[in-house]
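Each chain is listed here by its residues.
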Amino acid sequence: MASDLAGIALFHRTDASLILAAIGGCEVLQLPAGTVLFKAGEINHNVYIPLSGSMVVHLDAKMSAEATISIAVGECVGELSAIDGKPTSGSVLAQTAARVLKIPQDIFWNQLMTLPGVAASFMGLLSERVRRTTAQALKAQAEQIELKHLRKELSLARQLQSSMLPAQGPMFAGRQDVEVCGFMEPASHVGGDLFDAFFVREHQLFFCIGDVSGHGIASALFMARAVGLLRILATNCNEPDVLLKELNERLCVNNDTNLFLTMFCGFLDIETWQLDYSNGGHCPPILLSGGQVEDLPIPKGPLIGAFPGARFLRMTRALGINDVLCCYTDGVTEAQNTEDEEFSEVRCRHLLGQAADLPLQAVIDGVRRQVAEFTGTEVLDDDFTMLALKRTA
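This structure is a prediction, so every number in the text was calculated from the model and none was measured. The residue count restarts for each chain, going from 1 along the sequence in the order it is written. Local features in a predicted model are, by the rule used here, given only for residues with pLDDT of at least 70; side-chain atom pairs are given and counted only at 80 or more, and totals for whole chains, interfaces and linings are based on all residues. Think of the side-chain values as coming from all heavy atoms in the structure, minus any hydrogens and water.

Once that is clear, we can look at the sheet that holds strand E12 (residues 261-269). Pairing between strands is defined by DSSP: at least two bridges between them are needed. In DSSP terms, a helix is any run of H or I states spanning at least four residues, a strand is any run of E spanning at least two, and both are numbered starting from the N terminus. Spatial ordering of the open sheet is given by E10-E11-E12-E13-E16, a layout of 5 strands whose pairing is antiparallel. Pairing within the sheet leaves two strands with one partner each, and these edge strands are strand E10 (193-201) and strand E16 (314-318). Sheet twist, expressed as the mean angle between neighbouring strand axes with direction ignored, is 15 degrees. With 5 bridges connecting them, E12 and strand E13 (residues 274-280) associate as antiparallel partners. Following the sheet pairing, Cys265 is matched in E13 by Ser278. In this analysis an axis means a line fitted to C-alpha atoms, helices contributing only their contacting stretch, and an angle means the value between N-to-C directions, from 0 to 180 degrees.

The following block contains the structure:
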């Protein structure tokens, strides 16, 4: 043990022979990596001094890597609980294989602390420990303030994003000929899904649903850009394939983040009930017509914002009275349970078929509830968005 004394700051001012006489009978612990020396809340009657290896104090019960203080070779640990007899305030862990000198509190106080220079060294080490702990506490406090500010900004971003989309729930409540309802729930503070529906002319309804790649702020900003462009383009064009082509060209410009989106959109003539629609890589809407539930045939279409010069196709379908068109994003059908099984288009079609006579709000609420029951949690892994419309006259 004599060779280890040189690395112990507590003993720097004291003759080595006196130190050895006091602690010669003390145990040296051999700790494998990952060994917990003691846990927070335990009663401790010893002072420990690491002789080699790497050790840390965990300040939280979860022993997370963020809330730690390193213990240098030669430093004391456990001395405060040995002073006041109270439970330890932190957990001590050997990060690597370590050798630790274990000094019973009676030897520490009655023999070591009475030696010349030891008490003064001990006070210096305690002062340094307090300064270091205080600095770490101030840093943690600053990080908490920054995190609180970030959460506030994210909350504001979510409110701004929500204000860009139509209000959740039924739309055009005063109309007797068509029922429209939309819903979007982001998986995080802000999402990349979108939906919209508005009359571009007295008898012509434009609607769309989309899903931006990725998650978070970048996807939300890309979504906001797409929504703004869509509203401008839809008021000047009544051909969905041409609209998607122009939207693609504009989103490809300055797309440094390399994001893209999938989208289904259409123009519905309320007088003739002809639906002209186009698609850019999005999943097919589900159509309830004449008691049958099926996927609406759609052109595949390329991703939007990925490659300039892409072309899109248009298809047409007439809607009959009480026909329902239900559009969704893959966050609905790809939601997984604990067995990694997806909710699937099959379950979605089955639910919609059972709810054909319900108000669209109840239909969407029912799907959201069933997805939560299927996954076993209200927490989403991906944005959940649905847009449904029904011819009612």
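Resuming the write-up.
This part covers the nonpolar core. Definition used in this section: a nonpolar core is a set of buried Ala, Val, Leu, Ile, Met, Phe, Trp, Tyr and Cys residues joined via side-chain atoms within 4.5 Å. Only protein chains enter the accessibility calculation, which uses a 1.4 Å probe; a residue whose area is less than 20% of its type maximum is buried, one above 50% is exposed, and one in between is partly exposed. Counting 50 residues, the largest nonpolar core has Leu194, Phe206, Phe207, Leu243, Leu247, Met263 and Leu325 as the members making the most contacts within it. At 8 residues, helix H5 (residues 217-234) tops the list of elements feeding residues into this core. Residues Cys326, Val371, Phe374 and Leu380 belong to the second largest nonpolar core, which totals 25 residues.

Before going further, it helps to spend a moment on the pairing of E12. Most of E12 sits out of view: 9 of its 9 residues are buried. Of the two faces of E12, the one lined by Leu261, Met263, Cys265, Phe267 and Asp269 and the one lined by Thr262, Phe264, Gly266 and Leu268 are each fully buried. Pairing of strand E11 (residues 204-212) with E12, which is carried by 9 bridges, proceeds in the antiparallel orientation. Directly across from Cys208, in E12, lies its bridge partner Cys265. The antiparallel pairing of E12 with E13 creates a hairpin that spans 4 residues between the two strands, and Trp273 there sits at a positive phi of about 60 degrees.

Before going further, it helps to spend a moment on the environment of Val379. Within the secondary structure layout, Val379 lies in the loop between helix H9 (360-375) and strand E18 (384-391). Under the relative-accessibility criterion, Val379 is labelled exposed at 60%. Residues Val379 and Asp196, spaced 183 residues apart in sequence, show a C-alpha to C-alpha distance of 24 Å.

This part covers the pattern of salt bridges. A carboxyl oxygen of Asp or Glu within 4 Å of a side-chain nitrogen of Lys or Arg is what we treat as a salt bridge. Scanning the entire structure with this criterion turns up 10 salt bridges. Residue Arg314 is joined to Asp241 by a salt bridge in which the shortest nitrogen-to-oxygen separation is 3.9 Å. With Arg314 in strand E16 and Asp241 in helix H6 (residues 240-252), this pair connects stretches of sequence that are 73 residues apart. We classify Arg314 as partly exposed; its relative accessible area is 40%. For Arg349, the salt bridge identified is with Asp295, shortest N-O distance 3.1 Å. Here the residue Arg349 occupies a position in helix H8 (residues 344-354), and Asp295 occupies one in strand E15 (residues 292-295), the gap between them amounting to 54 residues. Assessed through its relative accessible area of 23%, Arg349 is described here as partly exposed. Among the residues examined, Asp295 registers a relative accessible area of 30% and is labelled partly exposed. Linked through salt bridges whose partners overlap, the residues forming this network are Glu185, Arg368 and Glu378.

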